[in-house]
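A structural walkthrough
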Number of protein chains: 4
Amino acid sequence: MSFRNACYHILAPASEAHEYKKSSKLFDMLLIVLIIVNVGAMMLETVPGIPAILKHELHVIEVVSVLIFTIEYVLRVYSCASGPNRPASQATTPWQKRWAYIKSPMALVDLMAILPFYLSIFVAFDLRILRVFRVLRILKIGRYSRSMQTLITVLRNESHSLIAAISVLLLFTVIAATCIYYIEHTAQPNVFSSIPASLWWALVTLTTVGYGDAVPVTALGKVFGGLITIMGICFYALPAGILSSSYTTQMQLKRDRFKDTVRSVLDDGELSKRDVHHLEHVRALLDLDEEEAKLIVRLLQHHHKSLDK
Amino acid sequence: MSFRNACYHILAPASEAHEYKKSSKLFDMLLIVLIIVNVGAMMLETVPGIPAILKHELHVIEVVSVLIFTIEYVLRVYSCASGPNRPASQATTPWQKRWAYIKSPMALVDLMAILPFYLSIFVAFDLRILRVFRVLRILKIGRYSRSMQTLITVLRNESHSLIAAISVLLLFTVIAATCIYYIEHTAQPNVFSSIPASLWWALVTLTTVGYGDAVPVTALGKVFGGLITIMGICFYALPAGILSSSYTTQMQLKRDRFKDTVRSVLDDGELSKRDVHHLEHVRALLDLDEEEAKLIVRLLQHHHKSLDK
Amino acid sequence: MSFRNACYHILAPASEAHEYKKSSKLFDMLLIVLIIVNVGAMMLETVPGIPAILKHELHVIEVVSVLIFTIEYVLRVYSCASGPNRPASQATTPWQKRWAYIKSPMALVDLMAILPFYLSIFVAFDLRILRVFRVLRILKIGRYSRSMQTLITVLRNESHSLIAAISVLLLFTVIAATCIYYIEHTAQPNVFSSIPASLWWALVTLTTVGYGDAVPVTALGKVFGGLITIMGICFYALPAGILSSSYTTQMQLKRDRFKDTVRSVLDDGELSKRDVHHLEHVRALLDLDEEEAKLIVRLLQHHHKSLDK
Amino acid sequence: MSFRNACYHILAPASEAHEYKKSSKLFDMLLIVLIIVNVGAMMLETVPGIPAILKHELHVIEVVSVLIFTIEYVLRVYSCASGPNRPASQATTPWQKRWAYIKSPMALVDLMAILPFYLSIFVAFDLRILRVFRVLRILKIGRYSRSMQTLITVLRNESHSLIAAISVLLLFTVIAATCIYYIEHTAQPNVFSSIPASLWWALVTLTTVGYGDAVPVTALGKVFGGLITIMGICFYALPAGILSSSYTTQMQLKRDRFKDTVRSVLDDGELSKRDVHHLEHVRALLDLDEEEAKLIVRLLQHHHKSLDK
């Protein structure tokens, strides 16, 4: 196995390689630790007093981690050429593959994690804030956990519904802010100084955060505010309802997929030992409850027999 | 195509015309931008200092947008006569149709967006607050997005349940306010000055907003307040449960509709290429997940075959 | 029809009489208005300045409404003897029936609404706070709305689960209060003066109300507080999950009941016009969506035919 | 029956013994009361003034309850040898069984409830805070209630999903804290003094607790804060969605289990009186709604007959 292939098999994401290898897993764990240390250092840097004491140590952490991130990035770009040819893309030569990889959103997150460091050498503008996006790399790695995959699927499937719910929330925020401005402006000219300033109150109330820095004081303002808090409950319930329904659908999908497998297995007569093994494998892949799976098999077997009679 | 027909086809809502045309879509996008600019200007007007600088610009935005809204409204009333005859209504002559349109809730929202401007010429009373309801026009347009349609369906289907939940919330608000008044009145005569004043605390607590401007200080008040915060969780959970169940039902309905189509298609024997096209069309219309649709088809095909045996 | 029967038919609850009659509905509406006026008066009484001005009017409202409530209560007790004999109870003579009625929870709520008034004549102790429970009578009447019935069913079915969730919440409140007391006591001896006092902070945080009157200030306290806020999200999600699942089950139950009816109807061959009427009646009774009902009928018809082949 | 057996049958957890016996139930109730009294005493001890008055009483409660807990623990360890041999473990001799029991998480909770008392005799360090974990013993006992079992099952099944949701929440907390620090630091150097300090604001906002001790004041800070409150709604909805879907799945599982039982019963022809008894038993065990169970039986009976035709 060439060096390029070896790199590829350690760095390759689980979804491309056939399985999530132990070496890849270990490498990812190390990377997560490095990211946490790095972001922790970045945070400590802002604590008054700390930079004076730990200046050297924090700098070393920063330089070393960027170095590792850079080597990793270069190796990823270099080794991605060992990946399989994707039928959809026309990228077939190694360099075309590399270019396609560099443009992928995953690689851009990686690039964003190292670029600010190099840019800060040339640019006078303070880019340190960009370093925080390094934590996004944890998301990128965590993507291989099954629960995170489901979470991402649910959020992506329901993104339109969530955007619709948030749009309605924003419309009502604008209406609430305008009304409260006209109601409370005379009583509290400093707090509700303008409609844009009142938006803060409206949003904080509709999302039920309720800081208490802006609160209606007039009787009419309180009646209207009460109305808005009740609306807040409903706006709050919308995303919960959307995501809950989506999670339930994902569960249903898993169950349907398992049923499909069971049926195709039952079609050719009896349930052989190999079939049971196969079903167990599918069940584990779908992350289905063992008892649930058994019940599905039993119910379908019964159904099959009653049809054969 | 006459001018009236052309207007109708651009302005017509998607549900009436057979499809949401590109020209309509573009027109709606422009309208949304105009509304946002207009409402933004309305908000800026209240920021101290801004009117002095931007008085002229804000006035121009207001006049121009009302002008466009007015032209649009007039054209809509004029062109709606090109719409199809509704079997339910007796409106058959153009003027009857127009009158029916003017009375429709959608047209009233449009009218409300322009009327305050013209009324303010004649009436001395300040009607500027009414301008905020122009943002409702965004809802009216957004209605054509599928997610927004589902959201509206869900809210309409469950309006009775939500009202029931809110009624119970209000009843308990009254009880909580009365109790806290008798408990805390002596300790904080200014904050819990009367039962109506205590309603504010009760509502803010039961909706878990918790501003902190009114907080019980006595031991008994805190015990009772703790009880109310726990009840708040349950009241919060009710709308979430209601909407979540409704969203799940909508999903189930979509799946059932798709199953119905698949069955009617499978009835006449094999799954021809045209059938597959038809199913794909229905699937896209129902906004169903591709994988889910495939599984449904497969499971039903299997069921069909096992019955034929 | 005797006077007693007439009373019974107006006052009888919908579940006992075969249908919710118009006269009963009107009477209930009047009662709700009276209760709202009465509770409103009770609230106004506590507003400083109001009793001085409206003393007479408030007293008249109180006396008149208690009079009406009393007459209603007496008539209810008197007329309940016209009700059907319950097979379960041994109450067969009119007076036995009346005594059984008086002991029913519904009648006790009614009694509680009038008793404080009469007691206050004899007892020196201030019982005015009990008057607030008159609002519970609205719940009692509202019970006949279908949404409220579902809400009550859901809450009753899940009461054990909700109590379990709240118990766990309370256990963690105790643990959180103890920990925060030992962490924050030295820094804020007045706010976190004792564990019972810290319970207030723990509960307000775990229920995400967050008044802000007690807030950890030490670094360790904030880390621990952050942990508690995250736990708060989970405790919040529990009742939402419980109620949501319960609502979904209720929906499923309705659908199953309708399926059962459709099957029994389809059994005797074709779907006659009378069958359609019957199904429509059941559908309306179950408050099922029209489209959903149609789909269920269609899918079951199809299933029936394919079995007959 | 030997003394060891008698102890075992009173102390044995319901899941091991065939049924939750009355004597066990009574013993558990007494234990719960004792724990509540003990934890209550522990709390009272911290109230200023109370220790001076009730010193003796509190000490007696502490000593007596630890004594009872100790006797109970010793008896549990002693009597567990009477328990059945577990096929999975190699523990067969009484002492092996006892050692296996001592290492079990349940026994460790019990040990943790008494150990601090004995340790405090030898160790100078104040271990009183550990006493609060005695409340966890209530959870241990409450485990036998069916609702609590479902709650624990749901939380365990979804622990991966909940951890994924909380991880994403923490990542966004870090990003939000970094951004708000750079935005608000100059305006409020005391509140947003460093990124770690800003984490407090970010977490309190994303969990919608909203104490109000740290609030953005700049315009940009408020815009960003508004964005974070909206994201907070979504993070809030995630656990609700996860748990709701899990509860629904548990319900589905119960229904499927019942269906399985009904089918196996229907297989051998008619529904005999003994079958009905058996079904009722299973229904009660699954805590299934009576009406739901009846509907399932009816629908399956119908299905069975139509297949037989």
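Definitions and cut-offs
- Per chain, residue numbering runs from 1 following the sequence as it is written.
- Chain A is the first chain written and ligand 1 is the first ligand written, with later ones labelled in order.
- Whole-chain, interface and lining totals are the exception, using all residues; otherwise, since this is a predicted model, local features are given only for residues with pLDDT of at least 70 and side-chain atom pairs are given and counted only at 80 or more.
- Side-chain measures here rest on the full set of heavy atoms in the structure, leaving out hydrogens and waters.
- Residue types Ala, Val, Leu, Ile, Met, Phe, Trp, Tyr and Cys, when buried and joined through side-chain atoms within 4.5 Å, form a set referred to as a nonpolar core.
- The classification of residues rests on relative accessible area computed with a 1.4 Å probe and restricted to protein chains. Under 20% of the type maximum is buried, over 50% is exposed, and intermediate values are partly exposed.
- Contacts are assigned to residue pairs that have any heavy atoms within 4.5 Å of one another.
- Note on geometry: axes are C-alpha line fits, over the in-contact stretch for helices, and angles between N-to-C directions span 0 to 180 degrees.
- Secondary structure counts use DSSP, requiring at least four H or I residues in a row for a helix and at least two E residues in a row for a strand, with both numbered from the N terminus.
- Oblique is the label for every angle not falling under 35 degrees (roughly parallel), over 145 degrees (roughly antiparallel), or within 65 to 115 degrees (roughly perpendicular).
- It is the rotation of the near helix from the far one that decides the hand of a crossing: anticlockwise by less than a right angle makes it left-handed, clockwise makes it right-handed.
- Fitting of the copies onto one another was done by least squares over C-alpha atoms, counting residues only where both copies have pLDDT of at least 70.
- Here a pair means two rings of Phe, Tyr or Trp (six-membered ring of Trp) with centres within 6.5 Å. Their orientation is stacked below 30 degrees between planes, edge-to-face above 60, and tilted elsewhere.
- Each ring is checked for a lysine NZ or an arginine CZ that lies within 6 Å of its centre and within 35 degrees of its normal; such an atom marks a charge sitting over the ring.
- The pLDDT value tells you how sure the predictor is about a given residue, anywhere from 0 up to 100.
- By buried area we mean the combined loss of accessible area, with a 1.4 Å probe, across both parts when two parts are placed together.
- Every case where a carboxyl oxygen of Asp or Glu lies within 4 Å of a side-chain nitrogen of Lys or Arg is listed as a salt bridge.
- Think of a polar contact as two N or O atoms within 3.5 Å of one another; within protein, one of them needs to be a possible hydrogen donor and the other a possible acceptor, and neighboring residues in sequence only count if both atoms come from side chains.

This part takes up the nonpolar core. Of all hydrophobic cores here, the largest spans 234 residues; its most connected members are Trp201(A), Phe224(A), Trp201(B), Phe224(B), Trp201(C) and Trp201(D). Setting aside its immediate chain neighbours within four residues, Phe224(A) contacts Ala176(A), Cys179(A), Ile180(A), Ile183(A) and Trp201(A).

Two numbers describe a pair of packed helices, the interaxial angle and the distance between the axes. Contact geometry of helix H7 (residues 146-157) of chain A with helix H8 (residues 159-184) of chain D gives a least axis separation of 8 Å together with a crossing angle of 65°. The angle between H7(A) and H8(D) falls in the class roughly perpendicular. Our pair here, H7(A) against H8(D), has a crossing hand that is right-handed. Counting all contacts with H7(A), which are made through Ser147(A), Met148(A) and Leu151(A), the residues of H8(D) involved are His160(D), Ser161(D), Ala164(D), Ala165(D) and Val168(D).

A word on the relation of the copies chain C and chain D. Between the two copies of the chain lies a relationship made up of a rotation around an axis and a movement along it. When chain C is brought onto chain D, the operation consists of a screw motion whose angular component is 90° and whose axial shift is 0.0 Å, with 0.0 Å RMSD remaining. One copy is carried onto the other by what is essentially a four-fold rotation axis. Looking at chain C, a mere 17% of its interface residues are interface residues in chain D too, so the copies touch through different faces.

Scanning the model with the defined rule gives 24 aromatic pairs over all chains in all. Relative to Tyr118(B), the ring of Phe117(B) lies with its centre 5.4 Å away and its plane at 90°, an arrangement referred to as edge-to-face. An aromatic cluster of three or more residues is present, and its members are Tyr236(A), Tyr236(B), Tyr236(C) and Tyr236(D). Cation over ring: Arg98(A) sits above Trp95(A), and NZ or CZ is 4.6 Å from the ring centre.

Take the confidence of the model for chain A next. All names here are of chain A. In this model, chain A carries an average pLDDT of 83, and 92% of its residues clear a pLDDT of 70 or more. Per-residue pLDDT, averaged within each element of chain A, yields its smallest value for helix H1 (residues 3-11) (76) and its largest for helix H9 (residues 195-206) (93). For this predicted complex, the interface score ipTM comes out at 0.86, alongside a pTM of 0.88.

Interfaces are frequently sized by the accessible area removed from exposure as the parts join. Listed per partner, the contact involves 48 residues of chain B and 58 residues of chain A. Together, the buried faces of chain B and chain A total about 4800 Å²; carbon and sulfur atoms form 73% of this surface. Taken together, the connections running from chain B to chain A amount to two salt bridges. Asp260(A) is paired through a salt bridge with Arg298(B); the nearest N and O atoms lie 2.5 Å apart. In this assembly, chain B and chain A are joined by seven residue pairs in polar contact (both at pLDDT 80 or more).

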